[in-house]
Amino acid sequence: MALDPPIQVIGLRKAFGAHVVLDDVSLEVRPGEAVALLGANGAGKTTLLRILATLLRPSRGTARVAGYDCLRETAEVRAHVGLLAHGAWVYEDLTPFENLRFWATLGGLPRSREALGGALAAVELDRVADERVRTFSLGMKRRLALARFVLARPSVLLLDEPFAGIDQRAGKWLDGHLGAFKAAGGALLMTTHSFGRGLPVADRMAVLAAGRVALDTPLGALTPDDVRRLYELHAEDGP
Amino acid sequence: MIYARRAWIVLWKDFLSERRSKETLNALFFFALLLLFLFQFALGADRERLTAALPGLLWLGFILSGLVGLGRAFLAERENDCWEGLVMMPGDKSAIYLGKVAGNLVLMVLVEAILLVLFAVFFNIDLATHLIRLTAVIGLGTIGFAAVGTLFAAMTAHVRARELLFPVLLLPVQVPVLLGAVKATEAVLRGEPLDTVAHWLGLLAAADAIYLTVGVLTFDAILEA
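Residues numbered from 1 in each chain as written. Chains lettered and ligands numbered in written order. Predicted model: local features only at pLDDT ≥ 70, side-chain atom pairs only at ≥ 80, totals over all residues. Heavy atoms only, no water.

Asker: In this structure, what is going on with the confidence of the model for chain B? I would like to understand it.
Answerer: Do not read the predicted coordinates in detail wherever pLDDT is low. Residues and elements named next belong to chain B. Overall, the prediction assigns chain B a mean pLDDT of 90, with 100% of residues at 70 or greater. Across chain B, the secondary-structure element scoring lowest on mean pLDDT is helix α2 (residues 23–43), at 84, and the one scoring highest is helix α10 (residues 198–224), at 95. Among the prediction metrics, the complex's ipTM stands at 0.89, with pTM recorded as 0.89. (pLDDT = per-residue confidence, 0-100. Helix = DSSP H or I, 4+ residues; strand = E, 2+ residues; numbered from the N terminus.)

Asker: Looking at this model, I keep getting lost on the side chain of Glu 92 of chain A. Mind explaining?
Answerer: Checked against the element boundaries, Glu 92 of chain A lands in the loop between β6 (81–84) and α3 (96–107). Look at Glu 92 of chain A and you get buried, because its relative accessible area is 12%. Reaching out from Glu 92 of chain A, the side chain makes a polar contact with the side chain of Asn 80 of chain B at a distance of 2.8 Å. Glu 92 of chain A has contacts with Arg 132, Val 133, Arg 134 and Lys 141 of chain A together with Glu 79 and Asn 80 of chain B, leaving out every residue within four places of it along the chain. (Buried < 20%, exposed > 50% of the residue type's maximum accessible area, 1.4 Å probe, protein only. Polar contact = N/O pair within 3.5 Å; in protein donor to acceptor, adjacent residues only side chain to side chain. Contact = heavy atoms within 4.5 Å.)

Asker: I'm lost on the interface of chain A and chain B in this one. Help?
Answerer: Where interface size is given, it is often the accessible area lost as the parts come together that is meant. At the junction of the two partners, chain A supplies 26 residues and chain B supplies 26 residues. Between chain A and chain B lies a buried interface of about 2500 Å² when both sides are counted; carbon and sulfur atoms form 62% of it. The interface formed by chain A and chain B holds three salt bridges in total. A salt bridge links Glu 84 of chain B to Arg 50 of chain A; the nearest nitrogen and oxygen atoms lie 2.1 Å apart. For the pair chain A and chain B, the interface holds twelve residue pairs in polar contact (both at pLDDT 80 or more). Mapped onto the side of chain A that touches chain B, the elements with two or more residues apiece are β6 and α3 of chain A. Take the side of chain A that touches chain B: its biggest share by element is seven residues, from α3 of chain A. Here the side of chain A that touches chain B is built from residues that sort into 13 nonpolar, five polar and eight charged. (Buried area = accessible area lost by both parts, 1.4 Å probe. Salt bridge = Lys/Arg side-chain N within 4 Å of Asp/Glu carboxyl O. Nonpolar A, V, L, I, M, F, W, Y, C, P; charged D, E, K, R; others polar.)

Have a look at this one:
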């Protein structure tokens, strides 16, 4: 079990009726590695993340997180995975502290005032801990979602366009935060539409096209322009 | 203990959100007021007609305002993908259901209390003499309504025509509760002891137990669906 890669997808297929979204997708993310998942709208990026997060059932194939099967061992997978979707799971009429207390209690996580305060401080939201989330920017809501992960310490992060809609400063902060997660041995799979943002933290990029992984390559010294050219070569259309 | 804590945190979250936004309570208050005006116009000053119709009107008010309130029960969960968050939480999800039922119960009891006071004022009825027995009947009826209403609200939360589907699904299932509650309320308002309507109260208690049990057993599957 310990030798299993944190994220392993083999021959995955997902169809909604006659519409095939993912077809024979295989992908692996190793410990301490970040993979950026690129693809046109409807290429199946979010579907893949949702299958790995056990929110969708695959039609065929295998998806494993931390060595556990996403179809048959959902409880174990959920214990290891942190999902940051578009909505960030925040209740608008609660404060960050109250939001965190809610999810920590439901999730069986540390919920003492010190633990919650510490998590908010880690994402630099401690100064607005008692303000209503309704007044927050998208970047601040994303940071609040990340505070959950500070408490839960998942070994795998699944991020759905984490850099979309946030400003330069928030993007840099997120880069740093994800870099630290990776350095601690965490595995990260994130979807992105941007060739610049999010890629500095990624070690590899995978391009989804026509339901398949059309390209899976280390980013190494590739510049954003190189990434764009590779993307245009392998994706169905531009982002 | 952990189960109770998880149910409590859901109730606490709903209560806090409602206390701050007051969205549902304000809407329900004005809705209740509007209903009473309509009843007043429909029945006029005929005392005899009013006495005969009162139990039904009272429950019609409770049910209609309850439908509006319960229809919004999972609105906050639909925002910001919080529903997904609940799905991914570990442990027994029925604690979330019971927390939600408790939150809806608190809200409905508040609205019912307001409605009762308004009924007493609008129709010049002395409800105070029947208050304890009336509270028992209304309590039993409301538990059943909240239990199955919360479950159906969750079932229809992601359906496109949920505003239409929710009452269409809920009301037929509520027939035993409505029947028992109206009959028992009628007897209480006539000044009869509760013993005379023990069979209706038994029906209400049984419906409550069945609805709550079904909710506890099926909520996990509904959440994941």
